[in-house]
Amino acid sequence: MGSTGASGYVGRHILCLREIFSKRVMIVGVVAVAAISDAWMICCALAQSVGTPLPTVEVYRPERAIPQYPASGLSRETGASFPEPDVDGAAPRGSARLRAVREALQAMAIRRGALEQLDVRALITREFERYDPAYLPHKALREKRLDALKLKLVSSEKGGKALACSRRMIIEAEWLLKYTAQWPKVDQQLAAIEHSLRTKDQGFALRQAPDGSWGTCYHAWFEKIAGTVDILGDLSMSGDGRPASLQYPFNMLRRIDSSQVLIPYLYRLQLSQIAKTGVYEREEMNAVEGALSQFLFKEKLRTLLQANGAAFIDQAYVDAYRRFLDDTQDPLLGCWGPWIMSGGEIIRAADLSQTYHAVAYREGAVNHWPQIIKTTLGIKGLQYPFGWRHHGQYNNHNNYDVVRILRLGWPYMTSAEIEQARTEIRAMLKWALSESVTPDGQFRDDPSFYDSVGEVYYYGVSFLVEAGYWNKDGRFWDDDPTHYAGAEDLCRKIRSHLVKLQPNSITARHALTRLDQSCRAVGNPPRGKRGEPIQD
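Just so it is clear, the structure is predicted and the values come from calculations on it, not from any experiment.

(A) Just the overall build of the protein chain, in detail. The helix and strand tally for the protein chain stands at 20 helices and five strands. A separation threshold of at least 6 residues defines the contact pool for the protein chain, and within that pool the share at least 24 residues apart is 71%. For the protein chain, the accessible surface area stands at approximately 22,900 Å², while carbon and sulfur atoms represent 53% of it.

Below is the structure:
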């Protein structure tokens, strides 16, 4: 199809979308788009793909050990899975395999227009088994091999080598294993990881790639985008007020370089048809929305992109994305989350992470606040990503998301909700200070959740900052000084560890910046590496 024909087709497609995706018939429209636009989206993916092929290695195929390996595990429409996701929705990107005895993953969800609580893990597993009847044994074999590779990685890193490339490849393997049933692709990734562990100097993975991303060693497009957000955010905050000039233009976004391409792509990710594609789209959707919401709603970051290869990001593009978010917010739940096709029905679940992205990066300028508040408080006992908990416990990352949502929603709360929120934040703060951080200022790691130690510190600091622990002006929920005893001393102790971590971790560097800004607010200017005061 020539460019003129493609443009005309896309134009007609989007004119239809505007009509289809009205609020009255949006769900029907999503199903229609998923059915009629496969060929067009696949062509877009192939034409715009900039992925780096994995090394050529011999592929290990554990399915040979399973009698009567079903053909359904391999036969599907070519290219049917434009993205790459995670099946045990209870785990975030890069998390380790969950313990053998798992909690039931409940979620607040909408089905047939009514609110109910569902075991989403069981539902997702059933859909994968419809795609591949041997889904569970196939997954278990590969989990065992991935666990062994993780141990090798940890052993190498303890020897003093930071294997950034191998770690990224493991993150991507976890996504493939948890969110897809694409066994040949998983096998190729596992073999490539084993191959990569032989390379001890992996500093090349930390440099900008020719495609403009900082996603070397990721193969999936969305992983490259997600891996680049923090770097670009760091660059946008430095300099003399003018956007930095990157070594390579940021061409990664050319894959979605118009709203006519972006919006159908997002709707495709919004609705998972697992039994048809073998893919649960939640992980890619969450990563892409998180990145786009920062790229488009943070002015400095948007300016940096526009100056480095993404001039197509204009107000119309931003407005189209904003409308998509408005149209996919569930009016009963108030939240955002994945839609799952099951048995001819669409189940819409409330997802803490996706809701945080939509609310936080728009600074609370969203609809349905009473419903957001009710649902957010109502999912406190459920497991991430459909609730606050991880393995039944608090978690600083999730606590930070919750407190940010509550702060932005504070003006919309009833007096009873305010008292409930105060009780919950007080409990989170008590846990953070007694369980998540040691007396000498080290945050305790949880490898089943976090990708790196830098992340552990970033979210630990971010939660305490969001709760106003070091800055009384930020204490939107409480003014009892007894809750903040020892804050200045803890600031100094945490900072001493972050100073050691930040040279090799951008997330630790961001945590240090947040800590310094907050501690200055309590009249305790922190000291630099050599004892000099930190300058603004």
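(B) Focus on unusual backbone geometry. The peptide bond linking Y384 to P385 adopts the cis configuration, its omega dihedral lying at 10 degrees. Within the secondary structure, P385 sits in the loop between α15 (369-378) and α16 (396-409). A positive phi angle, close to 85 degrees, is found at C217, a residue other than glycine. Its location among the elements puts C217 in the loop between α7 (183-196) and α8 (221-236).

(C) Local environment of α7. With 14 residues, α7 extends 20 Å between its outermost C-alpha atoms, agreeing within 8% with the 20 Å of an ideal straight helix rising 1.5 Å per residue. Where α7 is concerned, the buried positions are W183, V186, D187, Q189, L190, A191, A192, I193 and S196. In this structure, the buried side of α7 is in contact with α5 (135-158) and α6 (164-179).

(D) Local environment of the pairing of strand β1 (residues 106-111). Across six bridges, β1 lies against strand β2 (residues 114-119) in antiparallel orientation. Note that in β2 the partner of A109 across the bridge is E116. Two successive antiparallel strands, β1 and β2, enclose a turn made up of two residues, where R112 displays a positive phi of approximately 55 degrees.

(E) Main features of the state of the cysteines. Under the defined criterion, the tally for this structure stands at two disulfides. Paired through a disulfide, C165 and C217 show a sulfur-sulfur distance of 2.0 Å. Given an S-S torsion of about -105 degrees, the disulfide between C165 and C217 has left-handed geometry. Of this pair, C165 sits in helix α6 while C217 sits in the loop between α7 and α8, and the two are 52 residues apart along the sequence.

(F) Quick look at the sheet that holds strand β4 (residues 339-342). Taking strand neighbours across the sheet as the criterion, the five strands line up as β2-β1-β5-β4-β3 in an open arrangement whose pairing is mixed. Looking at strand neighbours, the two that pair on one side only are β2 and β3 (271-272), the edges of this open sheet. As paired elements, β1 and strand β5 (residues 345-349) share two bridges and run antiparallel to each other. Its bridge partner lying in β5, A109 is registered against A349.

(G) Spotlight on the packing of aromatic side chains. Evaluation of the coordinates by the stated rule reveals 22 aromatic pairs. Aromatic pair Y356 and Y361: ring centres 5.9 Å apart, planes at 75 degrees, arrangement edge-to-face. Summarising the burial analysis for this pair, Y356 and Y361 share the class buried. Here Y469 and W470 contribute two aromatic rings whose centre-to-centre distance is 5.3 Å and whose plane-to-plane angle is 70 degrees, an arrangement assigned as edge-to-face. Both residues of the pair, Y469 and W470, belong to the buried class. Joined through ring pairs, the aromatic side chains of Y356, Y361, Y384, Y400, F449, Y450, Y458 and Y459 make up one cluster. Over the face of the ring belonging to Y484 we find R475, whose NZ or CZ atom lies 3.6 Å from the ring centre.

(H) Fine view of the packing of helix α9 (residues 259-270) against helix α11 (residues 282-297). Relative to each other, α9 and α11 sit at 140 degrees, their axes nearing to 9 Å. In terms of their interaxial angle, α9 and α11 are classed as oblique. By crossing handedness, the relation of α9 to α11 is classed as left-handed. Here L262, Y265, L266, L269 and Q270 of α9 lie close against α11, whose contacting residues are E284, M285, V288, E289 and L292. Here the residues of the contact of α9 with α11 are counted per class, giving seven nonpolar, one polar and two charged.

Conventions used here
Residues numbered from 1 in each chain as written. Predicted model: local features only at pLDDT ≥ 70, side-chain atom pairs only at ≥ 80, totals over all residues. Heavy atoms only, no water. Helix = DSSP H or I, 4+ residues; strand = E, 2+ residues; numbered from the N terminus. Contact = heavy atoms within 4.5 Å. Areas by Shrake-Rupley, 256 points an atom, 1.4 Å probe, with all protein chains shown as cover. Expected span 1.5 Å × (residues − 1). Buried < 20%, exposed > 50% of the residue type's maximum accessible area, 1.4 Å probe, protein only. Pairing = 2+ DSSP bridges. Disulfide = S-S within 2.5 Å. Phe/Tyr/Trp six-rings, centres within 6.5 Å; stacked < 30°, edge-to-face > 60°. Lys NZ or Arg CZ within 6 Å of the ring centre and 35° of its normal. Axes fitted to C-alpha atoms, helices over the stretch in contact; angles between N-to-C directions. Parallel < 35°, antiparallel > 145°, perpendicular 65-115°, else oblique. Left-handed = near helix turned anticlockwise from the far one by under 90°. Nonpolar A, V, L, I, M, F, W, Y, C, P; charged D, E, K, R; others polar.

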